[in-house]
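Structural characterization, general
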Amino acid sequence: METPIPVRLKAARKAAGYTQQQLGMALGMDPNTASARMNQYERGKHTPDYQTMQRIGKVLGVPTAYFYCEDEILALEIMDYYDL
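Computed from a predicted structure; not experimentally measured.

Let's shift gears to the overall build of the chain. Along the backbone of the chain there are six helices and zero strands. Shown N-terminal to C-terminal, the secondary structure of the chain runs as helices and strands in the order α-α-α-α-α-α. Here the C-alpha atoms of the chain give a radius of gyration of 12 Å, agreeing with the 12 Å that 2.2 N^0.38 yields for 84 residues. For the chain, the spread of C-alpha atoms along the three principal axes comes to 35 × 30 × 20 Å. Burial analysis of the chain (84 residues in total) assigns 36% to the buried set. By sequence separation, contacts in the chain at least 24 residues apart represent 48% of the contacts at least 6 residues apart.

This part takes up the environment of Leu-76. Mapped onto the elements, Leu-76 comes out in helix H6 (residues 72-83). Take Leu-76: its relative accessible area is 45%, and that puts it in the partly exposed class. With ten residues separating them along the chain, Leu-76 and Tyr-66 place their C-alpha atoms 8.0 Å apart.

As a further point, take the confidence of the model for the chain. For the chain, the average pLDDT comes to 95, and 99% of its residues sit at 70 or higher. Averaged pLDDT values for the elements of the chain fall to 90 in H6 and rise to 98 in helix H2 (residues 20-26).

Axis separation between helix H1 (residues 5-16) and helix H3 (residues 34-43) bottoms out at 6 Å; the angle between their running directions is 130 degrees. In terms of orientation, H1 lies oblique with respect to H3. Contact residues: H1 offers Pro-6, Leu-9, Lys-10 and Arg-13, while H3 offers Met-38, Tyr-41, Glu-42 and Arg-43. Looking at side-chain class alone, the contact of H1 with H3 contains four nonpolar, no polar and four charged residues.

The next thing to look at is helix H4 (residues 50-60). Within H4 the residues assigned to the buried category are Thr-52, Met-53, Ile-56, Gly-57 and Leu-60. Considered in projection along H4, the buried side chains sweep an arc of 140 degrees and stay on one side of the axis. Turned more than 90 degrees from where H4 packs its buried face, Gln-51 and Lys-58 sit exposed. Those residues of H4 hidden inside the fold are in contact with H1, H2, H3 and helix H5 (64-68).

Let us now look at the nonpolar core. In this structure, Leu-9, Met-38, Ile-56, Leu-60 and Phe-67 are the most contacted members of the largest nonpolar core, which totals 18 residues. For this core, the elements supplying multiple residues, two or more each, are H1, H3, H4, H5 and H6.

So, how was this worked out
- Residues numbered from 1 in each chain as written.
- Predicted model: local features only at pLDDT ≥ 70, side-chain atom pairs only at ≥ 80, totals over all residues.
- Heavy atoms only, no water.
- Helix = DSSP H or I, 4+ residues; strand = E, 2+ residues; numbered from the N terminus.
- Rg over C-alpha atoms; globule rule 2.2 N^0.38 Å.
- Buried < 20%, exposed > 50% of the residue type's maximum accessible area, 1.4 Å probe, protein only.
- Contact = heavy atoms within 4.5 Å.
- pLDDT = per-residue confidence, 0-100.
- Axes fitted to C-alpha atoms, helices over the stretch in contact; angles between N-to-C directions.
- Parallel < 35°, antiparallel > 145°, perpendicular 65-115°, else oblique.
- Nonpolar A, V, L, I, M, F, W, Y, C, P; charged D, E, K, R; others polar.
- Arc of directions from axis to C-beta.
- Core = buried A, V, L, I, M, F, W, Y, C linked by side-chain atoms within 4.5 Å.

Shown next, in the form of structure tokens:
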């Protein structure tokens, strides 16, 4: 099975109202490469390391576990629990 990170990352970014460039810049990436780097993460070409995923989650207001959850229903439950 492929990693669920790309799909979950894109969904969380859009839900938070960030562009790829805005999210990358919020993570401290160079403005000239932020969009391309985030695009590679969302397409699954590259996978961010765990610490980067933690930072992304913090910026987007999403628990890190959400990005790694293979089951869609469980991912939604994680989000519901996090929102409590």
